[in-house]
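Below are the chains, spelled out letter by letter.
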Amino acid sequence: MIKRVAIIGGTGVYGINSNEIILNIKTIYGQVEVNIIKLNNDKEIVFLPRHGKGHSTPPHLINYRANMMALKELSVTHIYSTCAVGSLNENYDIGDIVIINDFLDFTKNRINTFFDGDDGVKHTDMSDPYCSYLRNKVMKFSSDYDINIKGNAVYACTEGPRFETSAEIKMYGFMGADVVGMTNVPEVVLAKELGMCYSAIGIITNWCTGFKKGEDIVLHEIASSIEKNKIKLEKMFIEILSG
Ligand code: HPA
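**Section: the state of the cysteines**
Item 1. Inspection of every chain in the model, using the stated rule, returns 1 disulfide.
Item 2. In this model Cys-131 forms its disulfide with Cys-197; the gap between the sulfur atoms is 2.0 Å. The S-S bond linking Cys-131 to Cys-197 shows a torsion near 75°; that makes this disulfide right-handed. With Cys-131 in the loop between strand 6 (97-106) and helix 2 (132-141) and Cys-197 in strand 9 (residues 197-207), the pair connects residues that are 66 residues apart, well separated along the chain.
Item 3. Residue Cys-131 is classed as buried on the basis of its relative accessible area of 5%.
Item 4. Cysteine Cys-83 remains unbridged, with the sulfur of Cys-157 as its closest cysteine sulfur at 9.1 Å.
Item 5. Cysteine Cys-208 shares no disulfide, and the gap to the nearest cysteine sulfur, in Cys-157, comes to 12 Å.

Printed below as a string of structure tokens:
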């Protein structure tokens, strides 16, 4: 049952223009600022800007455990997140939207679990890391919001903050990745450990390094493809989550 819902805004998605209250949540992993958005029907949505205010925290320094624990402490059960991604799949062009359905983990220096052995040894099932319930809802509602979901995508998560080399992108392609980003791991893993249903929507902002000859990663294109999609996505999430 959906009890309380959250939206995690990735690069370029920092807030929702509406009635909001700022809350500081203290967790044992650190403090997190979230916005509580009051909807017209008295329901509430928790909004968490992943990189903090004004995109101040780079992907490798985000306190993922504090973020996810803060949502758990607010009794969140379901989460939609957005993430900017590069594409290494010919079918997924700049400005397209994809639903992430699996990941490859190439992160190196992140704390990626709550299960440190204090409570016995625990292993989390990753056969279906992303929430199929929320995924199906997006598929169903997207056309009403003029959002063209291009398909499912396997997400390779890199440590960042640098972009990848051409050789790395070639390798990720051989391994089955469709898109590359820097934040879904450990976010999705920690959500699963806490029993929250987590779904990630990828906004394609660029072709990955070396994937297309002569196409460098251009930061202003990253911003414009997010801008083009974020309002529509926010509206759709709110409609789905408040239903
Ligand atoms: N690589 C890694 N992360 C990204 C990219 C990319 O090309 N684009 C947006 N986030």
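Moving on, there is more to tell.
**Some points on the site of the ligand**
Item 1. Close to the ligand lie Ala-84, Val-85, Gly-86, Phe-163, Glu-164, Val-180, Gly-181, Met-182, Thr-205, Asn-206 and Ile-217.
Item 2. The contact in question runs from a nitrogen atom of the ligand to an N or O atom on the side chain of Glu-164, over 2.8 Å.
Item 3. Here a nitrogen atom of the ligand sits 2.7 Å away from a polar atom, N or O, in the side chain of Asn-206.
Item 4. Contact with the protein chains removes 94% of the 260 Å² of surface that the ligand exposes when unbound.
Item 5. Listing elements by their share of the shell around the ligand, those giving two or more residues are strand 5 (78-87), strand 8 (179-181) and strand 9.
Item 6. If you tally residues by element for the shell around the ligand, the top one is strand 5, at 3 residues.
Item 7. Split into classes, the residues belonging to the shell around the ligand amount to 6 nonpolar, 4 polar and 1 charged.

**What about the packing of aromatic side chains?**
Item 1. Considering all chains together, one arrives at 5 aromatic pairs under this definition.
Item 2. Ring plane angle 40° and centroid distance 6.1 Å describe the contact between Tyr-130 and Tyr-198, whose orientation is recorded as tilted. With Tyr-130 in the loop between strand 6 and helix 2 and Tyr-198 in strand 9, the pair connects residues that are 68 residues apart, well separated along the chain.
Item 3. Judged by relative accessible area, Tyr-198 falls into the buried class, the value being 1%.
Item 4. In this structure, Lys-122 is placed above the aromatic ring of Phe-115, and the distance from its NZ or CZ to the ring centre is 4.9 Å.
Item 5. One residue, Lys-212, lies across the ring of Trp-207, its end atom 4.4 Å from the ring centre.

Scoring rules and cut-offs
- Residues numbered from 1 in each chain as written.
- Predicted model: local features only at pLDDT ≥ 70, side-chain atom pairs only at ≥ 80, totals over all residues.
- Heavy atoms only, no water.
- Disulfide = S-S within 2.5 Å.
- Helix = DSSP H or I, 4+ residues; strand = E, 2+ residues; numbered from the N terminus.
- Buried < 20%, exposed > 50% of the residue type's maximum accessible area, 1.4 Å probe, protein only.
- Near = heavy atom within 4 Å.
- Polar contact = N/O pair within 3.5 Å; in protein donor to acceptor, adjacent residues only side chain to side chain.
- Areas by Shrake-Rupley, 256 points an atom, 1.4 Å probe, with all protein chains shown as cover.
- Nonpolar A, V, L, I, M, F, W, Y, C, P; charged D, E, K, R; others polar.
- Phe/Tyr/Trp six-rings, centres within 6.5 Å; stacked < 30°, edge-to-face > 60°.
- Lys NZ or Arg CZ within 6 Å of the ring centre and 35° of its normal.

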